[in-house]
Amino acid sequence: MSRRCDVTGAEPSFGNAVSHSHRRTRRRWNPNLQSHRYWLPSERRWVSLTLTAKALKTVDRKGIEKVVAEMRARGVKL
């Protein structure tokens, strides 16, 4: 499973961890991913999505039907 949001496309970002002595080592920042299951009334079925916390708010604001329509317009298969 990739660490990628289904709605926003957020992926891990990379950079340096800087210690007190200023030594730099590589690290990564993972997105805050949550698995969530939504009921699609138009299709009468459940859809499981892996979303960031920000995308959860987007789904609450726009509605699951509109978000799924936008995902399908991008070519995502659900």
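The structure this text deals with has already been given above.
Residues numbered from 1 in each chain as written. Predicted model: local features only at pLDDT ≥ 70, side-chain atom pairs only at ≥ 80, totals over all residues. Heavy atoms only, no water.

Considering the overall build of the chain
Then comes step 1: Counting its secondary structure elements, the chain contains two helices and four strands.
Then comes step 2: Put simply, the chain runs from its N terminus to its C terminus through helices and strands in the order β-β-β-β-α-α.
Then comes step 3: Along the longest, intermediate and shortest principal axes, the C-alpha atoms of the chain span 60 × 20 × 20 Å.
Then comes step 4: Taking all 78 residues of the chain together, the buried fraction comes to 27%.
Then comes step 5: For the chain, the share of sequence-separated contacts (at least 6 apart) that also reach a separation of at least 24 residues comes to 33%.
Then comes step 6: When the accessible surface of the chain is totalled, it reaches about 5900 Å², and 49% of it is carbon and sulfur.
Then comes step 7: Looking at the chain, you have 18 positive and 6 negative side-chain charges, and the mean spots of the two groups are 10 Å apart. (Helix = DSSP H or I, 4+ residues; strand = E, 2+ residues; numbered from the N terminus. Buried < 20%, exposed > 50% of the residue type's maximum accessible area, 1.4 Å probe, protein only. Contact = heavy atoms within 4.5 Å. Areas by Shrake-Rupley, 256 points an atom, 1.4 Å probe, with all protein chains shown as cover. Lys, Arg positive; Asp, Glu negative; His and termini not counted. Charge placed at Lys NZ, Arg CZ, Asp CG, Glu CD.)

Quick look at helix H1 (residues 53-62)
Then comes step 1: The complete set of buried residues in H1 reads Ala55, Leu56, Thr58 and Val59. Down the axis, H1 shows its buried residues gathered within 160° of arc, on one side only. Exposed residues on H1 whose side chains face more than 90 degrees from its buried face are Lys54, Lys57, Asp60 and Arg61.
Then comes step 2: In the core, the buried residues of H1 are packed alongside strand S3 (33-40), strand S4 (45-52) and helix H2 (64-73).
Then comes step 3: In the stretch just after H1, Gly63 is the one whose phi turns positive, near 105°. (Arc of directions from axis to C-beta.)

What about unusual backbone geometry?
Note: most residues except glycine have negative phi, and most peptide bonds are trans.
Then comes step 1: Positive phi values are uncommon outside glycine, yet His22 reaches one of about 75°.
Then comes step 2: Structurally, His22 is set in the loop between strand S1 (13-18) and strand S2 (24-29).
Then comes step 3: Within the chain, Arg44 stands out as a residue other than glycine whose phi angle is a positive 55°.
Then comes step 4: You can see Arg44 is positioned in the loop between S3 and S4.
Then comes step 5: A relative accessible area of 68% places Arg44 in the exposed class.

A closer look at the nonpolar core
Then comes step 1: Counting residues in hydrophobic clusters, the biggest one holds 15 residues, and the most contacted among them are Cys5, Val7, Tyr38, Leu49, Leu51, Val59 and Ile64.
Then comes step 2: Looking at this core, the elements with two or more residues in it are S3, S4, H1 and H2.
Then comes step 3: Ignoring anything within four residues of it in the chain, the contact list for Val7 reads Leu51, Ala55, Val67, Met71 and Arg74. (Core = buried A, V, L, I, M, F, W, Y, C linked by side-chain atoms within 4.5 Å.)

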